[in-house]
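Examination of the molecular architecture
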Amino acid sequence: MTSAPHDVPTAAQLVAAVRDFLQSDVLPAVDGRVRFHARVAINVLGMVEREITLGPEQAREHAARLAALGMAGDAELAAAIREGRIEDDHALVTALEQAVRAKLAVANPAYPQD
């Protein structure tokens, strides 16, 4: 998906290219502390790529979940939970589980989703 005025490669494609370069060319050529930091950079770039790709749809879904609970944002939901202004029911638990699953899809897609 591209957005005007940008063409291909997309931001996600650029991030993926850098991640692939680090993984295929840099990582095998280094060791010790540099190897560790290369692995961290590879993981971070993977997260950025997934957030760019998944983020817009996840944001729409999250906003819809919040609206269904009658909340305008995360801060309002957190305050409502702290203050006991929202019922601790299936709808709330489901919304919170879905929010965590969306975060995990970006941070660690290998984490079991069931």
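Residues numbered from 1 in each chain as written. Predicted model: local features only at pLDDT ≥ 70, side-chain atom pairs only at ≥ 80, totals over all residues. Heavy atoms only, no water.

1. Quick look at the nonpolar core
Convention followed: Residues belong to a common nonpolar core when they are buried Ala, Val, Leu, Ile, Met, Phe, Trp, Tyr or Cys residues joined through side-chain atoms within 4.5 Å. Classification of residues uses two cut-offs on accessible area relative to the type maximum, computed with a 1.4 Å probe and protein chains only: under 20% is buried, over 50% is exposed, and between them is partly exposed. Counting from the N terminus, the helices are DSSP H or I runs at least four residues long and the strands are E runs at least two residues long.
Counting 8 residues, the largest nonpolar core is built from Leu66, Leu69, Met71, Leu77, Ala80, Ile86, Leu92 and Ala95. Taken together, the elements giving at least two residues each to this core come down to α3 (74–82) and α4 (90–107). In this structure, Leu22, Leu27, Ala38 and Ile42 belong to the second largest nonpolar core, which totals 6 residues.

2. Side note on the environment of His62
Here is the rule we go by: In this description, contact between two residues means that some pair of their heavy atoms is separated by no more than 4.5 Å.
In this structure, His62 sits in helix α2 (residues 32–68). For His62, a relative accessible area of 21% translates into the label partly exposed. Sequence separation between His62 and Phe21 is 41 residues, and the spatial gap between their C-alpha atoms is 33 Å. Residues in contact with His62, not counting those within four places in the same chain, are Asp74 and Ala99.

3. Looking at the pattern of salt bridges
Put simply, the test is: In what follows, salt bridge is the name for a side-chain nitrogen of Lys or Arg lying within 4 Å of a carboxyl oxygen of Asp or Glu.
Counting across every chain of the model gives 4 salt bridges. Between Arg19 and Asp20 there is a salt bridge, and its shortest N-O distance comes to 3.1 Å. The class for Arg19 is buried, based on a relative accessible area of 18%. Between Glu83 and Arg85 there is a salt bridge, with the nearest N and O atoms lying 2.6 Å from each other. Looking at Glu83, the relative accessible area reads 52%, which means it is exposed. Here the salt bridges share partners, and the residues they tie into one network are Arg19, Asp20 and Glu49.

4. Description of the UniProt feature "domain: DUF6285" (unreviewed entry) in the chain
In plain terms, the rule: UniProt positions are given in the numbering used here, feature names are shortened, and annotations may be inferred rather than shown by experiment.
Under the present numbering, the feature "domain: DUF6285" (unreviewed entry) in UniProt falls on residues 28–111. Taken end to end, residues 28–111 is 76% helix and 0% strand, and its two terminal C-alpha atoms sit 26 Å from one another.

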